[in-house]
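Each chain, written out:
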Amino acid sequence: MKAQGYREADHHLYLPVIMKGEFKLWYDNVSGDIASWNDFKLKFTSRFDNALIQMERSRTLHSRKQGELDPCEQFIYEMVNLAKQVDPTEIAQISLKRARDALHPQISGLIGEVNPWTIENLLERVAEVHANLHHQSRRMHRKTADIPPLQGLREDLKKKRDQENYKKRGKNIKEKH
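Here the structure is a predicted model, which is why all the values come from computation and not from measurement.

Thresholds, definitions, all that
Residues numbered from 1 in each chain as written. Predicted model: local features only at pLDDT ≥ 70, side-chain atom pairs only at ≥ 80, totals over all residues. Heavy atoms only, no water. Axes fitted to C-alpha atoms, helices over the stretch in contact; angles between N-to-C directions. Helix = DSSP H or I, 4+ residues; strand = E, 2+ residues; numbered from the N terminus. Parallel < 35°, antiparallel > 145°, perpendicular 65-115°, else oblique. Left-handed = near helix turned anticlockwise from the far one by under 90°. Contact = heavy atoms within 4.5 Å. Nonpolar A, V, L, I, M, F, W, Y, C, P; charged D, E, K, R; others polar. Salt bridge = Lys/Arg side-chain N within 4 Å of Asp/Glu carboxyl O. Buried < 20%, exposed > 50% of the residue type's maximum accessible area, 1.4 Å probe, protein only.

### Considering the packing of helix α5 (residues 72-86) against helix α6 (residues 92-102)
Piece 1. Taken N-terminus to C-terminus, the directions of α5 and α6 make an angle of 135°; their axes are 9 Å apart at the nearest point. Accordingly, the angle class assigned to the pair α5 and α6 is oblique. Along this stretch, α5 crosses α6, giving a crossing that reads as right-handed. Counting all contacts with α5, which are made through F75, M79, V80 and A83, the residues of α6 involved are S95, L96, R98, A99 and A102.
Piece 2. Across the contact of α5 with α6, the residue classes break down as seven nonpolar, one polar and one charged.

This is the structure in structure tokens:
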């Protein structure tokens, strides 16, 4: 908000317009106790970034694996962002290697080393591996590889899968009658 010319001391005055979803519900509940930006930061941190939440975030970072509906690019960005939340001082190479290692096994095993380790280089290498796996699968099995998509959004893929499942269920019910 500083970039728009608002004084930091007044930031808390704009929160009712900015807050959305669960954050807005929380804010509406505590807004009477917030008289300054520092009041807001303390309350927000104690609710949304306390020690328990930080520990859970770290556990997620170190145990998460790419699922079938996790597009590669989205997954890598999320892993890198999560690493920054857990340890803002961690060097990029470590968080990028962790993201690589958490990718689908068919993909991560073919990535190898990236030089230099940047998110752009990792994404480029993932795209190459992705294309090669699909090409190889089409040649051998006449179908694309059974790997997560390269791009897109998880929510869109879940919605599409749910719509396809709904159509299949409707088709199966009609066939039974």
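### Some remarks on the packing of helix α2 (residues 21-30) against helix α3 (residues 37-48)
Piece 1. Between α2 and α3, the least distance of the axes is 12 Å, while the angle of their chain directions is 125°. Considering the angle they form, α2 stands oblique to α3. Regarding α2 and α3, the two cross each other, and that crossing is right-handed. Contacts between α2 and α3 involve E22, F23, W26, Y27 and V30 from the former and F40, K43, F44, R47 and F48 from the latter.
Piece 2. When grouped by side-chain class, the residues that make up the contact of α2 with α3 number seven nonpolar, no polar and three charged.

### Some words on the pattern of salt bridges
Piece 1. Under the criterion given, the structure shown has 13 salt bridges.
Piece 2. The closest approach of N and O atoms between E78 and R154, which form a salt bridge, is 2.5 Å. Of this pair, E78 sits in helix α5 while R154 sits in helix α9 (residues 154-176), and the two are 76 residues apart along the sequence.
Piece 3. With a relative accessible area of 12%, R154 lands in the buried category.
Piece 4. As a salt-bridge pair, E128 and R125 come within 3.1 Å of each other at their nearest N and O atoms. Note that E128 and R125 are positioned in helix α8 (residues 119-141) at a spacing of three residues, about one turn of the helix.
Piece 5. Three or more residues are tied together by salt bridges with common partners; here these are R64, D70, E78 and R154.

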